[in-house]
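Spelled out from the first residue to the last, the chains are:
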Amino acid sequence: MKLSWTPYNLELVHTFTISGFSRKTTPVVITKLEYDGLVGYGEASLPPYLGETQQSVIDFLRKVDLSGFTNPAHMEEILEYVDSIAPGNTAAKASVDIALHDLVGKIIGLPWYKLYGLDRYNVPDTTFTIGIDTDEVVQQKTLEALGRFNILKVKVGGVDDKRMIESIRSVTNLPLAVDANQGWADKYHALDMINLLESKGVVMVEQPMPKQNIDDIAWLTEHSPLPIFADESVQRLADVERLKGVFSGINIKLMKCTGMREAWNMRNLAKFLDMKVMMGCMTETSCAISAAAQLCSGMDFADLDGALLIGNDCFEGATLEDGKIVARDESGIGVRDRGLD
Ligand code: MG
């Protein structure tokens, strides 16, 4: 198996603002894993606030020595080894995990959703994020989303939450998901906000309070009329069990959890614990989005608009159909390389 990589910069169609900062580009690293004439593709997406960089990913990938593995199908063994190379580096690890899944799916000749025993159409509608902006821009972006999406996502936790919601509500009654990104400091204020949001047609809340405020979040989940999902509070498989009773559900992202292998285990553990599950993403190409789309079936929410927000997607893959991100019926993760430009 031969591993190679290329750094690439994703250009966002619109400047993306969430409480605290704005950006126009997201760096990624695209990986390739070659074996017996087949190529598996992977990706590490590196939003600046998560700490990994193109350089740290390349430094990590240089340490990956696959010469001891002769059979790519020994995925558990290979990915245990990759995880053991260094702590952290979850996006770098995901770039190897996704490429290996793509490669092994191609060797077997099936897409992963079939290997998991899932129906690629039985997926939740993807949310589409409307960024924080002026009333006019928010209304314009909302109008553009109508007819394409069945649920919108709004970033809250700022000073003008009510205004954002009113602004969207002036043009549509579509259900809304909200993400507070830890923005509410007081549990009583958070509950008041959630009750208000529920009356405005909001259907779920992501990470309402700072991740260390476990007792407050558990209280809020107990009293909230809406399901409360962990995002910043959950990274990997080991985090899931302790969040039972604290959150209603978890937001699984490949870049946080080292890839498809662990995401699949998190999904199944959460379901076993009777917790809700959603699949999220970073700003990513259709490569990582298509990987996420493989395991989305049977989940409660999907937030997979990442590739729709960029202007230079270097892959063709999962597509938007009737408001859902649907994996292609092609082996591996179902992507085609369009060439890096
Ligand atoms: Mg979030």
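What you see is a predicted model; the values in this text were computed from it and never measured.

A.B. asks: I would appreciate a short explanation of the overall build of the protein in the present structure.
C.D. replies: A count of helices and strands for the protein gives twelve helices and 15 strands. Expressed as a percentage of the 341 residues in the protein, the buried residues total 57%. Across the protein, every contact between residues at least 6 apart in sequence was considered, and the portion connecting residues at least 24 apart equals 68%. Accessible area of the protein: about 13600 Å², with a carbon and sulfur share of 49%. The protein carries 33 positive and 48 negative side-chain charges, and their two centres are separated by 1 Å.

A.B. asks: It is not clear to me how the pattern of salt bridges should be interpreted in this structure. Could you clarify?
C.D. replies: Two side chains bearing opposite charge may form a pair once their charged atoms approach each other closely. Applying the stated criterion across every chain yields a total of 24 salt bridges. Its salt-bridge partner being D231, residue K256 comes within 2.6 Å of it at the nearest N-O pair. Of this pair, K256 sits in helix α10 (residues 254–257) while D231 sits in the loop between β8 (228–230) and α9 (237–240), placing them 25 residues apart in sequence. Residue D231 is classed as buried on the basis of its relative accessible area, which comes to 4%. Of the charged contacts in the structure, one is a salt bridge between R328 and E330, with a shortest N-O distance of 3.3 Å. Residues joined by salt bridges that share partners form a network here, namely K153, K155, D179, E206 and D303.

A.B. asks: What should I look at first to understand helix α5 (residues 135–145) in this one?
C.D. replies: Structural remark: α-helix, 3.6 residues per turn; residues separated by three or four positions point the same way. Every buried residue of α5 is listed here: V138, K141, T142 and A145. All buried residues of α5 fall inside an arc of 100° around its axis, so they share one side. In the stretch just after α5, G147 is the one whose phi turns positive, near 90°.

A.B. asks: Any chance you could explain the domain arrangement of the protein here in plain terms?
C.D. replies: Reports often express the size of an interface as the amount of accessible area lost when the parts come together. In terms of domains, the protein is made up of domain 1 (2–109) and domain 2 (114–337). For domain 1 and domain 2, the distance between their C-alpha centres works out to 22 Å. The partner domain 2 presents 37 residues to the 40 residues of domain 1 that form the contact. Carbon and sulfur atoms make up 62% of the surface buried where domain 1 meets domain 2, a total of about 3200 Å² over both sides. Measuring nitrogen to oxygen at the nearest pair gives 2.5 Å for the salt bridge that ties E80 to R261.

A.B. asks: Mind showing me how you'd approach helix α11 (residues 260–272) here?
C.D. replies: Here α11 is 13 residues long and its end C-alpha atoms lie 18 Å apart, about the 18 Å a rise of 1.5 Å per residue gives. D274, located one to two residues past α11, shows a positive phi value of around 65°.

A.B. asks: Just to check I follow, could you spell out the coordination of the magnesium ion for this structure?
C.D. replies: Reference values for angles at a metal are 109.5 degrees in the four-donor tetrahedral case and 90 or 180 degrees in the six-donor octahedral case. Taken together, the protein donors to the magnesium ion comprise D179 (OD), E206 (OE) and D231 (OD), at separations of 2.1 to 2.2 Å. D179 gets classed as buried once you look at its relative accessible area, which sits at 1%.

A.B. asks: What exactly am I supposed to notice about the packing of helix α1 (residues 54–63) against helix α3 (residues 90–108) here?
C.D. replies: Between two packed helices, what matters for the description is the angle formed by their axes and the separation of those axes. At their nearest, the axes of α1 and α3 sit 9 Å apart, and the two run at 55° to each other. Judged on the interaxial angle alone, α3 and α1 are oblique. The crossing of α1 and α3 is right-handed. Within the contact between the two elements, α1 uses V57, F60 and L61 and α3 uses A92, K93, S95 and V96. Residues that form the contact of α1 with α3 fall into these classes: five nonpolar, one polar and one charged.

A.B. asks: Would you take a moment to explain the packing of aromatic side chains for this structure?
C.D. replies: Two aromatic rings, taken as a pair, are described by how far apart their centres are and by the angle between their planes. Within this structure, the stated rule accounts for seven aromatic pairs. On the basis of an interplanar angle of 70° and a centroid distance of 5.2 Å, the ring pair of Y41 and F315 is categorised as edge-to-face. Taken as a pair, Y41 in strand β3 (residues 38–45) and F315 in strand β12 (residues 315–316) lie far apart in primary sequence, 274 residues in all. Like Y41, the residue F315 is buried in the burial classification. Summarising the aromatic geometry, the rings of W112 and Y116 are spaced 5.3 Å apart at their centres and angled 50° between planes, so their arrangement reads as tilted. Residue W112 is classed as buried on the basis of its relative accessible area of 10%. Every member of this aromatic cluster is reached through a ring pair, and the members are W112, Y116 and W264.

A.B. asks: Is there a simple way to think about the nonpolar core in this case?
C.D. replies: One recurring pattern in soluble globular proteins is that nonpolar side chains are buried together. Judged by nonpolar contacts, the single largest core of 108 residues is most densely connected at L152, W184, I250, I252, M279 and L304. Top element by residues in this core is α3. It accounts for nine residues. When near neighbours in sequence (up to four residues on either side) are disregarded, M279 contacts N251, I252, L254, A263, A292, L295, C296, M299, F301, A302, D303 and L304. In terms of nonpolar packing, the next biggest core, distinct from the first, is built from six residues, A177, M204, F229 and M278 among them.

Thresholds applied
Sequence positions are assigned chain by chain, starting from 1 and proceeding in written order. Whole-chain, interface and lining totals are the exception, using all residues; otherwise, since this is a predicted model, local features are given only for residues with pLDDT of at least 70 and side-chain atom pairs are given and counted only at 80 or more. With hydrogens and water set aside, each side-chain value is computed from the structure's full complement of heavy atoms. Runs of E in the DSSP output that reach at least two residues are strands. Runs of H or I that reach at least four are helices, and both are numbered from the N terminus. Burial classes: relative accessible area under 20% of the type maximum marks a residue as buried, over 50% as exposed, and values in between as partly exposed (1.4 Å probe, protein chains only). Between two residues, a contact is recorded if the distance between any of their heavy atoms is within 4.5 Å. Here the accessible surface of atoms and residues is derived via Shrake-Rupley with a 1.4 Å probe, and residues count as covered only by protein chains that are part of the display. In summary, the charge assignment counts Lys and Arg as positive and Asp and Glu as negative, without counting His or the chain termini. Taken as the charge location is NZ of Lys, CZ of Arg, CG of Asp or CD of Glu. Counted as salt bridges are all cases of a side-chain nitrogen of Lys or Arg within 4 Å of a carboxyl oxygen of Asp or Glu. Note that the arc is computed from the directions linking the helix axis to the C-beta atoms. How far each domain reaches was decided by an automatic or database domain assignment. A 1.4 Å probe defines the accessible area here, and the buried area is the portion of it lost by two parts on being joined, summed over both. The length a helix should cover is 1.5 Å for every residue beyond the first. Each metal's donors are the N, O and S atoms found within 2.8 Å of it, except that Na, K and Ca use a 3.2 Å limit; water is left out, so coordination can look incomplete. With axes taken as lines fitted to C-alpha atoms, and helix axes fitted only over the stretch in contact, angles between N-to-C directions fall between 0 and 180 degrees. Orientation is classified from the angle alone, with under 35 degrees giving roughly parallel, over 145 giving roughly antiparallel, 65 to 115 giving roughly perpendicular, and any other angle giving oblique. Crossing handedness is defined as follows: a turn of the near helix away from the far one that is anticlockwise and smaller than a right angle gives a left-handed crossing, while the clockwise case is right-handed. Classes in brief: Ala, Val, Leu, Ile, Met, Phe, Trp, Tyr, Cys and Pro nonpolar; Asp, Glu, Lys and Arg charged; the others, Gly included, polar. Note on ring pairs: Phe, Tyr and Trp rings are taken, using the six-membered ring of Trp, and paired if centres are within 6.5 Å. Classes follow the plane angle, with under 30 degrees stacked, over 60 edge-to-face and the rest tilted. Throughout, nonpolar core names a set of buried Ala, Val, Leu, Ile, Met, Phe, Trp, Tyr and Cys residues whose side chains join them through atoms within 4.5 Å.

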